[in-house]
Amino acid sequence: YIINGKDYSLPQIHAWADSNLDLSEWNTSFLAHNTQIAEIDHRIVGFGDIDQTGYLDHLYVHADYQHRGIATALCNELEQSVNTSKIVTHASITARPFFEKRGYQAVKEQQVERNGIFLTNYVMEYHRF
């Protein structure tokens, strides 16, 4: 709640971070994509994944490990793992500035529904070659 609290309401945060996860679905997604994790002292502090089409699906760093270059390192690895001219992600309001600094451009604002609650995010693209 610490990171996105300035950009999303508490009901929106609860809807997005619903504890009713389908772990099998997440596992299937991670196994189908190139998934990278960041560890410090044997603790997972961040992760991200990208598919072969260049869709960067997840990028997360634990609140206690922000501003240490972890997201940058993960993103570097993920972007370099695919041979596509364009990388696409759906970035939260909070993540948008991070991606913009990397050269991504917002191409569309959208409202995503989760558990009856709507959240704003952005389709962002990075054109490489």
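Just so you know, these numbers come straight off a predicted model, no measurement behind them. (Residues numbered from 1 in each chain as written. Predicted model: local features only at pLDDT ≥ 70, side-chain atom pairs only at ≥ 80, totals over all residues. Heavy atoms only, no water.)

**Thoughts on the environment of Ile-70**
Residue position: Ile-70 is located in helix 3 (residues 70–80). For Ile-70 and Tyr-60, which are 10 residues apart along the polypeptide, the C-alpha to C-alpha distance reads 9.2 Å. Ignoring anything within four residues of it in the chain, the contact list for Ile-70 reads Ala-38, Ile-40, Val-45, Val-61 and Tyr-65. (Helix = DSSP H or I, 4+ residues; strand = E, 2+ residues; numbered from the N terminus. Contact = heavy atoms within 4.5 Å.)

**Concerning the packing of aromatic side chains**
Here the structure, examined in full by the defined rule, presents 7 aromatic pairs. Considering the side-chain rings of Phe-99 and Tyr-104, the 5.0 Å spacing of their centres and the 70° angle between planes classify their relative orientation as edge-to-face. The same class applies to Phe-99 as to Tyr-104, namely buried. An angle of 25° between the planes, with centres 5.2 Å apart, marks the rings of Tyr-104 and Tyr-126 as stacked. Here the residue Tyr-104 occupies a position in the loop between helix 4 (96–101) and strand 5 (105–114), and Tyr-126 occupies one in strand 6 (residues 117–127), the gap between them amounting to 22 residues. Exposure remark for Tyr-126: the relative accessible area of 23% places this residue in the partly exposed category. An aromatic cluster of three or more residues is present, and its members are Trp-26, Phe-30, Phe-47 and Tyr-60. Lying across the ring of Tyr-122, Arg-96 places its NZ or CZ 4.4 Å from the centre. (Phe/Tyr/Trp six-rings, centres within 6.5 Å; stacked < 30°, edge-to-face > 60°. Buried < 20%, exposed > 50% of the residue type's maximum accessible area, 1.4 Å probe, protein only. Lys NZ or Arg CZ within 6 Å of the ring centre and 35° of its normal.)

**Considerations on the pattern of salt bridges**
Charged atoms that come close allow side chains of opposite charge to pair. One pass over the structure, following the stated rule, counts 4 salt bridges. Residues Lys-6 and Asp-7 are paired through a salt bridge, measuring 3.3 Å at the closest nitrogen-oxygen approach. (Salt bridge = Lys/Arg side-chain N within 4 Å of Asp/Glu carboxyl O.)

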